[in-house]
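Residue-level listing of the chains:
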Amino acid sequence: MNFKRAFRVWQRNATVYKKLYRSSLTLNFFEPMLYLVALGYGLGGFIEEIMGMTYIEFIAPGIVMSSAMFAACYECTYGTYVRMVYQKTFDAVLATPISFNELVLGELLWGTTKSLIYGTIIILVISLFGLIKSYFAIFLIPLIILCGLIFASLSLIATAIVPGIDSFNYFYTLVLTPIFLFSGIFFPVEDMPDVVVKLSQINPLMHLVNISRAFSYGKITQNFIYDLTIVIVYLIVLIPLPFILLKRRYLL
Amino acid sequence: MGKNLTKYYKNFKALDSVSFEIKEGECFGFLGPNGAGKTTLMGMIYGFIFPSEGEIKIFDIKLNDKNLPQIKKRIGVIPQDNNLDPDLSVLENLIVYARYFDIPKKEATRRAMELLKFIKLEEWSNINVRKLSGGMQRKLIFARGLINDPDIIILDEPTTGLDPRSRRQIWDKIEFLKHSGKTLILTTHYMEEAEKLCDRLAIMDKGKILVIDTPKNLSDKFGGNLEHVYLNMTEG
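Numbering of residues begins from 1 in every chain and follows the order in which that chain's sequence is written. Chains and ligands are labelled by the order in which they are written, letters from A for the one and numbers from 1 for the other. With the structure being a predicted model, the display of local features is reserved for residues of pLDDT at least 70 and the display and counting of side-chain atom pairs for 80 or more, all residues being used for whole-chain, interface and lining totals. Side-chain numbers here rest on the full set of heavy atoms in the structure, without hydrogens or water.

Let us now look at empty space enclosed by the protein. All names here are of chain A. Residues are called lining when one of their atoms sits within 4 Å of a cavity or pocket point, these points coming from a 1 Å grid over the protein atoms alone, where a cavity is a set in which a 1.4 Å probe fits but cannot get out and a pocket is an open set with protein on both sides within 12 Å along at least five of seven lines. Grid points are joined across faces, edges and corners, and a volume is the space filled by probe spheres set on the points. In the structure shown here, the tally under the stated rule is three cavities of 30 Å³ or more. Considering only enclosed or pocket space, the largest cavity measures out at about 150 Å³ in volume. Every residue lining the largest cavity is listed: Asn28, Glu31, Pro32, Tyr35, Ile63, Ser66, Ser67, Phe70, Ala71, Tyr74, Tyr118 and Phe180. What counts as a helix is a DSSP run of H or I of at least four residues, what counts as a strand is a run of E of at least two, and both are numbered from the N terminus. Elements that contribute at least two residues to the lining of the largest cavity include exactly helix H1 (3-42) and helix H2 (55-86).

This part covers the confidence of the model for chain B. Residues and elements named next belong to chain B. Each residue carries a pLDDT score, the predictor's confidence in it, ranging from 0 to 100. Mean pLDDT over chain B: 88, with 94% of residues reaching 70 or higher. Averaged pLDDT values over the elements of chain B bottom out at 64 in strand S1 (residues 2-9) and peak at 97 in helix H3 (residues 90-100). In the predicted complex, the global pTM is 0.93; the interface-specific ipTM is 0.90.

Now for the packing of aromatic side chains. Only centres within 6.5 Å qualify two rings of Phe, Tyr or Trp (six-membered ring in Trp) as a pair; their planes then separate them into stacked at under 30 degrees, edge-to-face at over 60, and tilted for everything else. Going through the model one piece at a time under the given rule, you end up with 31 aromatic pairs over all chains. Ring centres 5.6 Å apart and planes at 65° place the aromatic pair Tyr17 of chain A and Trp110 of chain A in the edge-to-face group. Of this pair, Tyr17 of chain A sits in helix H1 while Trp110 of chain A sits in helix H4 (residues 100-128), and the two are 93 residues apart along the sequence. Overall, the relative accessible area of 13% leaves Tyr17 of chain A in the buried class. Buried residues are those whose accessible area, probed at 1.4 Å on protein chains only, stays under 20% of the maximum for their type, while exposed residues exceed 50% and partly exposed ones sit between those limits. When its relative accessible area of 3% is taken as the criterion, Trp110 of chain A is described as buried. In this structure an aromatic cluster arises from ring pairing among Tyr35, Phe70, Tyr74, Tyr78, Tyr81, Tyr86, Phe168, Phe171, Tyr172, Phe180 and Phe186 of chain A. For a lysine, the NZ atom is tested; for an arginine, the CZ atom; a charge sits over a ring if that atom is within 6 Å of the ring centre and within 35 degrees of the ring normal. It is Arg167 of chain B that lies over the ring of Tyr190 of chain B; its NZ or CZ is 4.1 Å from the centre. For the cation-ring pair, Lys173 of chain B lies above Phe118 of chain B, with the distance from its terminal atom to the ring centre recorded as 4.8 Å.

Given below as C-alpha cells:
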C-alpha cells in the first residue's frame, strides 16, 4: 500500500467536489442548522435546564457529530456507489498503477474529509451562537476525524453488500436513523428503558457525542476513557472490513 | 507472454488454458464473438482480473501484486466502456488521469494539450465531457490511455459503436502508434479492423484460442477471405 497513490484517488474526488460544492455545501449545512434552531430554540423553550445546560447548549455538540456522521455516510454510500457502478471510475483508476486497496483507502479518507468539512462548519456556526465554552473544543477536530473514519468505514461496508442503490434506504432507515436518534444528542439515553440503555452502549455515535459534549464545555469526567475506548475499538474493528468486502464484490 | 491461462467464474470456464506470445512492436489482435473471453483476457493482461491458473509475463517479468504498479506505469488501457469523469472538462479528465501515474502538473498539461491536438479536440479542452458526442468521448478515452506514454497499449474494441468517420479517425491513430514502435494489443469482432491493423491474430471462441497466425496466412491456409475463416471457425 502506497499512501501517495491513495492520495491520488482522494485528490480526484476533491477535484470533482471543488467544481460542484456550491450546490451540496448549502444543503448539507442547512439540515443541521434546522435541527439546531427548530429544536434548540423551539423545543428548548419548554425545557428549563438539562444536565445543567440550556437545551441548545445540550444539543449543539451532538449536532457537530451527527453532521460529521451524515457527511461521511452520504459520500461513502451514494457517492462511492455511483463511482463504482454508474460512472465506472473504479475501472478507470484500476487501469493505472493504483491498486484496489489504495483506491479503497482513497475513498475512506475522502469520506472522512467530508466529515471534517461539514463538522468544522457546524463548529464555527455554534461558536457564533456562543455555544463553545472551552478551549478543549479544539479537540473536536480530531474527534470529527475519528467519527468520519468510523462512519465512512461503516458506509463502505454497506456499499459493498447492497444489491442496488435503492437498498441504501434500509441502511439509512434501519441503521443510521436509530443511531442518530438514540445517540444522546436530543435527550439523555440513561433515562430510557433498560433495554434502550443497554443497546445504546454499542452505538458509536453516543460515545462520540459524550466526548464532544465534554470537549465543548471542558468537563472531562471518568467516562471519557470509557467512551474513547469504545470509539477506538470500533475503529480497529471497522476499518479493515471495507477493504475485504469491496474487493470481494468488485474484483473478479 | 501468457501461459496456460484459465479463469473460472464460479463453475463457468471463461478462459480455458490459453497460451500466446506477443512480440515487442507488433500489433496483436484477439478476434472472436461476444463472450469468447477477449475482455477477460485483456483484464488479466493489465492485472485487473487474476487468473485462476497459469501465469502472465510482461517485459519478461511475471505479474504479481508487488510489481503490478511498476508494470502498469508502462501500459496504456483504452477500455470498451466510457469511464470518463462526467463532472470534469476534457482537459481535467486528462490531468486527473495523469496524476494517477504521478506525472507532474506541468508535464501533464503539456502532454494533454499535445494529445488533444493529436485527436483534434484541442478546441474542446474546457468543455464538460457530457457535451461531447459519443465519437468524441471515444477519442478522448483513446487519448487518455496514452497520457503515460506507454510501451504497451491495450485497445478493447476501440471502434465498437462508432460511425464510419470516427472509426477511420481512430484507425489512423492506431496506425500512427504502430509506426512509432508501440506494442499494441487489440480486441475486436470486426474482420475489417483486424485485417487492416493487426500483424498477427488469435481467433478465439468459448474461452479458447483456436488459431494464431498472420491475417494473410489465415486466409491462404483456410481459403477465402478472413471473414469466412472467422465464421467457419467460431460458432454463433
